[in-house]
Amino acid sequence: MSSQPVPSAENAVLRDKIRGYAAEHRKEGRTQAKDSLRLGLGQIKDEFAAQDNLSEKDVHGLASRIKRRKHATSEDLFRLALAFLQGIENINAFAAIPGALQVLIKELTGSDIQKQIDSAECLCNLSLGEGHVAEKISSLAGSYMVTYLDGKEGRLKRSCLWTLANILATSEKAAQQLLQMQLVPKLWKLYAGEGASAGFQEDAGICLHLISTHAAHHVSGEDREYIAYHLFSMRPEDPGSEYLMYIIHQLEIVELHHGLETQQAECLVNFFVASLGSQAESLPVSYGVRVVANLMAFNNPALIGVLADDNIFVPALNKLFALRDPRLNMDLMRMLRNYLNLNLLDSNLVLDRLQVYA
Amino acid sequence: MELDAARSIFLSREDLIKILGDVPVGFIKRSDPPQPRRPTFKKMGVLVEIQDIVEAKEPQKAFKNRTNDQSYSCAECRKILPTAHLLDLHITEQHDFYFAASVDRGDKPMFSCFLEECSEKFQSPRKRKDHCIVVHKFPANYRFDQGKDKPKEKRHPKKQLSHSMDVDDDAGSSDTKDLPNVKAFTFGHHTLRTFNSKKDRKSGDTLEDIQSMKDAINDILD
């Protein structure tokens, strides 16, 4: 007879929960460890007083040295990266030296992967500069950074994403240039494509939200179509998922000429329903309402998936009205108007069950 | 009582109908007020760890493995490329005889754009380069350009080939007289498992043959 206890279903559930918790904890730890390496401009002077203080003169010296040798060592790149973090004057000094940036690009595109990473991190700090610096980086190094988004080296890819985010937040002209390099499809692949990996979803999502905010009118019709055709299901707990509805709404993906396929629309509706537990101020809710309202405006019940069922739609709407956010309520009324316009059932039946605070 | 209290808190059907009467139907545009909160972003740099610089100075053995793992290398010429698409282009354009033959035939564009997402194809590397510069704002000296080395490679071997054949003809007359006609040892299967490239060297003869065949066919048809 076997003396081993038979694992019960309860034990299995508990084990799963513990495993899930441990995995989440590890992920959180990793994120914190990664984030701790990131600093704003000048922050290093306040928080790391022990670091070398590098002046414009040092930057000139380093730039002349790398130009003379036509290559930069890892130590040169480290010192330059540190100098850029310390102040805008160091960035401007470097950007004003003709030919210095080309040496960084040479290292970025060389065969030594470590140097590629070092130069990408150096460029990331350089991108903390103003518009003219961002434009210079995008025109000279943008194509390589966009290319590396398809590469295998994770750290290089992440550094490129960070640099691209800084550029997109700084200059519309630079953003427009990057968009011509097919940045949107590449970012979308990392964010929500079939091969999206958790490591890059957040950073790719940040880049896409910056494009949606600062350069939405430069996004081409083909790029919008690409997003529409490559919409895959996303869960609210996925990294970077808070930007999904914002990106979809700002880039007007739903309102495209051909509209969305039922399957893609369903992904959006399911994501919206799953994120209903969030706060009114949260991006998935406030922009999700607008996206779903626009799906309803097509007058095609097939596009609104589970929300076509009033037993799901009415409680969802009541939950959102219960948040008592006047800004959200106006969009909810638009959504309700579009829903009633679908003529799925008697509108009085819906209105009688609604709980809208006076 | 409770039901009445609840009703007084919530808007009645009539109130809702009145409000909805003022609400427009259709899409909510991104500029429509009231604008919800936008996500915030703060520009951030990265603090490079000195440990990474130390690791970079250490012997290159570990690095070599890393290079192989983290990039795409051509099995034929060991060239390292950063993406699968660029490696694909390299293999096709540099090592594929069928591709070279198709390019020579020139009936359809064969050179794909450097960007995987761009579906355009071009007749020559030059046209592709122009497209990348004009449309995708690539730099003129894009470093992963496959096309720029090709003409050099193609021209030189051909020149060398023609010279070597000339030399062979000159010297061969004396050498071959002295040496016996020895075939290469193969020990089993022949190593060359591709289309016979020797035909290229005698391209003039082949063309003549085709011409003569065409003439013959025309004669028959007449």
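Residues numbered from 1 in each chain as written. Chains lettered and ligands numbered in written order. Predicted model: local features only at pLDDT ≥ 70, side-chain atom pairs only at ≥ 80, totals over all residues.

### Remarks on the nonpolar core
In step 1: With 121 residues, the main nonpolar core has Leu168(A), Cys207(A), Val292(A) and Leu295(A) as its most contacted residues.
In step 2: Setting aside anything within four residues of it in sequence, one finds Leu168(A) in contact with Ala175(A), Leu178(A), Cys207(A), Leu210(A), Ile211(A) and His214(A). (Core = buried A, V, L, I, M, F, W, Y, C linked by C-beta atoms within 7 Å. Buried ≥ 20, exposed ≤ 12 C-beta atoms within 10 Å, placed from the backbone. Contact = placed C-beta atoms within 7 Å.)

### Section: the interface of chain A and chain B
In step 1: Facing the 74 residues of chain A at the interface are 51 residues of chain B.
In step 2: A per-element tally of the side of chain A that touches chain B places helix H18 (residues 326-341) of chain A first, with 9 residues.
In step 3: Broken down by class, the residue content of the side of chain A that touches chain B amounts to 33 nonpolar, 25 polar and 16 charged.
In step 4: Examined bridge by bridge, strand E1 (residues 38-39) of chain A and strand E1 (residues 45-46) of chain B share 2 bridges and lie antiparallel to one another. By the bridge assignment for E1(B), Leu39(A) is matched with Gly45(B). (Helix = DSSP H or I, 4+ residues; strand = E, 2+ residues; numbered from the N terminus. Nonpolar A, V, L, I, M, F, W, Y, C, P; charged D, E, K, R; others polar. Pairing = 2+ DSSP bridges.)

### Focus: the packing of helix H7 (residues 113-126) of chain A against helix H9 (residues 154-170) of chain A
All names here are of chain A.
In step 1: Close contact between H7 and H9 brings their axes to 9 Å; oriented N to C, the two are set at 20°. With respect to H9, the axis of H7 lies roughly parallel. Pair H7 / H9 crosses with left-handed handedness. Residue-level contacts link Gln116, Ile117, Ala120, Glu121, Leu123 and Cys124 of H7 to Arg155, Leu156, Ser159, Cys160, Trp162, Thr163 and Asn166 of H9.
In step 2: By residue class, the composition of the contact of H7 with H9 is 7 nonpolar, 4 polar and 2 charged. (Axes fitted to C-alpha atoms, helices over the stretch in contact; angles between N-to-C directions. Parallel < 35°, antiparallel > 145°, perpendicular 65-115°, else oblique. Left-handed = near helix turned anticlockwise from the far one by under 90°.)

### Examining the UniProt feature "domain: C2H2-type" (unreviewed entry) in chain B
All names here are of chain B.
In step 1: UniProt feature "domain: C2H2-type" (unreviewed entry): in the numbering of this structure it lies at residues 74-95 and 113-136.
In step 2: The span residues 74-95 carries 55% helix and 9% strand; its end-to-end C-alpha distance comes to 10 Å.
In step 3: When the span residues 113-136 is considered, its composition is 42% helix and 8% strand, and the gap between its end C-alpha atoms is 10 Å. (UniProt positions renumbered as here; feature names shortened; annotations may be inferred.)

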